[in-house]
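Chain by chain, the residues:
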Amino acid sequence: MARPDKVPQTEPTTEEKPSPIIVQMAIFAAILFVSSLISPLFPPSFPVPTPVIGLILLYVLLATHIVKLRNVEKFGDFMISLIAFLFVPSGIQLAASLNILKTQGLQIVGVVLIATIVMLVVVAYTTAGMIWIRKHIFHRSVDIKS
Amino acid sequence: MIILTTTPHMAVWGKWLGDALGTNAAGVSAGNAAFGIFLSLLVYLIGQWLFKLGKGFFLFQPLFVGMVLGIFILFLLAKVFGTTTATFYKSAYKPGGDIIFWFLNPATIAFAIPLYRRNDIVKRFWLEILLSLIIGLIASLFFIYGAAKLLGLDHVGIASMLPQAATTAIAMPIASAIGGNAAVTAMACILNAVIIYALGDWLVKFFRINHDPIGAGLGLGTAGHTVGSAKALQLGSIQGSMASIAVVIISIVVDIVVPPFAALMGLK
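Residues numbered from 1 in each chain as written. Chains lettered and ligands numbered in written order. Predicted model: local features only at pLDDT ≥ 70, side-chain atom pairs only at ≥ 80, totals over all residues. Heavy atoms only, no water.

Asks: Report on the pattern of salt bridges, specifying residues and quantitative values.
Replies: Scanning the model with the defined rule gives 6 salt bridges over all chains in all. Among the salt bridges present, the one from R134 of chain A reaches E128 of chain B, with a minimum N-O distance of 3.3 Å. Of this pair, R134 of chain A sits in helix α7 (residues 100-136) while E128 of chain B sits in helix α7 (residues 119-150), each in a different chain. For the residue pair R134 of chain A and E128 of chain B, the accessibility class agrees, reading buried in each case. Among the salt bridges present, the one from D201 of chain B reaches K231 of chain B, with a minimum N-O distance of 3.6 Å. Of this pair, D201 of chain B sits in helix α10 (residues 182-206) while K231 of chain B sits in helix α11 (residues 213-235), and the two are 30 residues apart along the sequence. In this structure D201 of chain B comes out as partly exposed when scored by relative accessible area, which is 36%. Several salt bridges converge on common partners, so that one network encompasses E73 and D77 of chain A together with R117 of chain B. (Salt bridge = Lys/Arg side-chain N within 4 Å of Asp/Glu carboxyl O. Helix = DSSP H or I, 4+ residues; strand = E, 2+ residues; numbered from the N terminus. Buried < 20%, exposed > 50% of the residue type's maximum accessible area, 1.4 Å probe, protein only.)

Asks: I'd like a description of the UniProt feature "transmembrane region" (unreviewed entry) in chain A, backed by residues and values.
Replies: All names here are of chain A. Under the feature "transmembrane region" (unreviewed entry), the UniProt entry names residues 21-42, 48-67, 79-101 and 107-133. Measuring from the first to the last C-alpha atom of residues 48-67 gives 23 Å, for a span that is 70% helix and 0% strand. Here residues 79-101 runs as 65% helix and 0% strand, with 32 Å between its end C-alpha atoms. (UniProt positions renumbered as here; feature names shortened; annotations may be inferred.)

Asks: Tell me what's going on with the side chain of Q61 of chain B, and back it up with residues and numbers.
Replies: Residue and element names in this part refer to chain B. Here Q61 shows up in the loop between α2 (33-53) and α3 (62-81). Among the polar contacts listed, one links the side chain of Q61 to the backbone oxygen of Y197, at a separation of 3.1 Å. Contact partners of Q61, with chain neighbours within four places excluded, come to F51, Y197, A198, D201 and K231. (Polar contact = N/O pair within 3.5 Å; in protein donor to acceptor, adjacent residues only side chain to side chain. Contact = heavy atoms within 4.5 Å.)

Asks: A description of the packing of aromatic side chains should follow, citing residues and the corresponding values.
Replies: Overall, the coordinates contain 12 aromatic pairs over all chains when judged by the stated rule. Measuring from centroid to centroid gives 6.3 Å for F42 of chain A and F46 of chain A, while their planes differ by 35°, and the two rings are tilted. With a centroid separation of 5.7 Å and 25° between ring planes, the pair formed by F81 of chain B and F88 of chain B is classed as stacked. The class of F81 of chain B is buried, set by a relative accessible area of 4%. By the ring-pair criterion, three or more aromatic residues cluster together here, those being F35, F81 and F88 of chain B. A cation over an aromatic ring shows up here: R134 of chain A above the ring of F125 of chain B, its NZ or CZ 4.3 Å from the ring centre. For K231 of chain B, the ring lying beneath its charged end belongs to Y197 of chain B, and the centroid distance is 4.6 Å. (Phe/Tyr/Trp six-rings, centres within 6.5 Å; stacked < 30°, edge-to-face > 60°. Lys NZ or Arg CZ within 6 Å of the ring centre and 35° of its normal.)

Asks: Tell me what's going on with the domain arrangement of chain B, and back it up with residues and numbers.
Replies: All names here are of chain B. As far as domains go, chain B holds domain 1 (8-102) and domain 2 (112-264). Of all residues in domain 1, F58, Q61 and L63 give up the largest surface area on contact with domain 2, accounting jointly for 67% of the area buried on that side. At the junction of domain 1 with domain 2, the criterion picks out 0 salt bridges. With 4 residues, α3 is the single largest residue contributor to the side of domain 1 that touches domain 2. Per-class residue counts for the side of domain 1 that touches domain 2 are 6 nonpolar, 1 polar and no charged. (Domains from an automatic or database assignment. Buried area = accessible area lost by both parts, 1.4 Å probe. Nonpolar A, V, L, I, M, F, W, Y, C, P; charged D, E, K, R; others polar.)

Asks: Tell me about α3 of chain B, and please be specific about residues and values.
Replies: The terminal C-alpha atoms of α3 of chain B, which comprises 20 residues, lie 28 Å apart, in line with the 28 Å expected from a rise of 1.5 Å per residue. For α3 of chain B, the full list of buried residues reads P62, L63, V65, G66, M67, G70, I71, L74, A78 and F81 of chain B. (Expected span 1.5 Å × (residues − 1).)

Asks: Tell me about the nonpolar core, and please be specific about residues and values.
Replies: Core analysis: the largest hydrophobic core is formed by 120 residues, its most contacted members being L58 of chain A together with L74, M161, L162 and L218 of chain B. No other element matches the 14 residues that α10 of chain B contributes to this core. Filtering out sequence-adjacent residues up to four positions away, M161 of chain B remains in contact with I108, V111 and V112 of chain A together with I144, L153, V184 and A188 of chain B. (Core = buried A, V, L, I, M, F, W, Y, C linked by side-chain atoms within 4.5 Å.)

Asks: Give a detailed account of the environment of I56 of chain A, specifying residues and quantitative values.
Replies: Residue and element names in this part refer to chain A. Relative to the elements of secondary structure, I56 occurs in helix α3 (residues 50-63). Judged by relative accessible area, which is 34%, I56 ranks as partly exposed. For I56 and I31, which are 25 residues apart along the polypeptide, the C-alpha to C-alpha distance reads 10.0 Å.

Asks: So, the interface of chain A and chain B: which residues are in play, and what are the values?
Replies: Contact residues are listed per partner, giving 77 residues for chain A and 98 residues for chain B. Linking chain A with chain B are 3 salt bridges. Our enumeration of links across chain A and chain B arrives at 10 residue pairs in polar contact (both at pLDDT 80 or more). Of all the secondary structure elements, the ones that give two or more residues to the side of chain A that touches chain B are α2 (21-38), α3, α4 (69-81), α5 (83-86), α6 (88-93) and α7 of chain A. Top element by residues in the side of chain A that touches chain B is α7 of chain A. It accounts for 28 residues. The residue makeup of the side of chain A that touches chain B, split by class, is 55 nonpolar, 16 polar and 6 charged.

Asks: Give me the packing of α7 of chain A against α11 of chain B: which residues, what numbers.
Replies: Where α7 of chain A contacts α11 of chain B, the axes come no closer than 8 Å and their chain directions differ by 150°. It follows from the interaxial angle that α7 of chain A and α11 of chain B lie roughly antiparallel. α11 of chain B is crossed by α7 of chain A, and the crossing has right-handed handedness. Contacts between α7 of chain A and α11 of chain B pair T116, M119, L120, V123, A124, T127 and I131 of chain A from the former with I214, G215, A216, L218, G219, L220, T222 and A223 of chain B from the latter. Taken together, the residues that form the contact of α7 of chain A with α11 of chain B break down as 10 nonpolar, 5 polar and no charged. (Axes fitted to C-alpha atoms, helices over the stretch in contact; angles between N-to-C directions. Parallel < 35°, antiparallel > 145°, perpendicular 65-115°, else oblique. Left-handed = near helix turned anticlockwise from the far one by under 90°.)

Now the structure itself:
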């Protein structure tokens, strides 16, 4: 294994070259596979699904520099750019459960609408409060570079 | 098959189309995956086109248009084939839809990338992030419980509404455990994403949430799941990173907090 910090600065382009897309896909598939083996180990009362474990796993691999950004970035960013489209089948899936809506449908949709707005606003304002406490009570820096 | 069998000539076409879509033989045969994939792409592209045409009118968001139009087309085709929408969905759309659906797995783990890109924020603010999500979720649960009570949902309905902050695969078993209907909870999780996708920009502006980028990210990730994270990424790298961490942490917080909350409210 070549140590990246010893590589002379004259050829940074070869160092930063993204991995081939097949390799990136293989990394994703490997992480998903390992996650799918870990997921059933959690008890039914405390479910942790495969993609959640996978997200944590990939984050840990990136943070420990075992996987570099250039190994996963291209395919990952592409998948994220597709997320709204990938959700279409989930939306259409509601066609199969339209009968649920027959009894309390309007109320359920109403509660979900309220719940979505509440979660967004309450979590955002709670965080703003926490940042305020950090700044004014603990006098720690809250400056962030965007 | 009511309409398609009016003439012998039509019957041939009806059988051919029915075989291709997998709706013959009482709608149980495995359909053609190409139909589901094509329909998903078609309705999404129509959504994109309408969104452009409507100059970004929020109800024309491609995901929302795609969902409504897709359900409507399935409803119409089910009428044509003389089956229920649910059966037609299962036999004709689901084989293709499931293939696209599977790709939500790699797409979800991909959010580790924007999360890692702003690891500086995670390292500095991890305590604030954790506390905000725990306190924010507990406070939200009281509001959701109150709203559900106010709108007259029964015990099953209320229990189904409580775990919706988690990702679907966590929210469904938790809902069953506290006496809710897992299918209703799944619907809630999907609607969360659709609502955030359609109204997110407007809500962020209206409630002036983006003053605090960390809060905006955590809120969008909690309310809109991975779709909320994609929205957050459009606001900035910090927001995207925070939404990605919210998706993971909030799911685990729901795992821990919602069952005792339901017990406290006497739901079980």
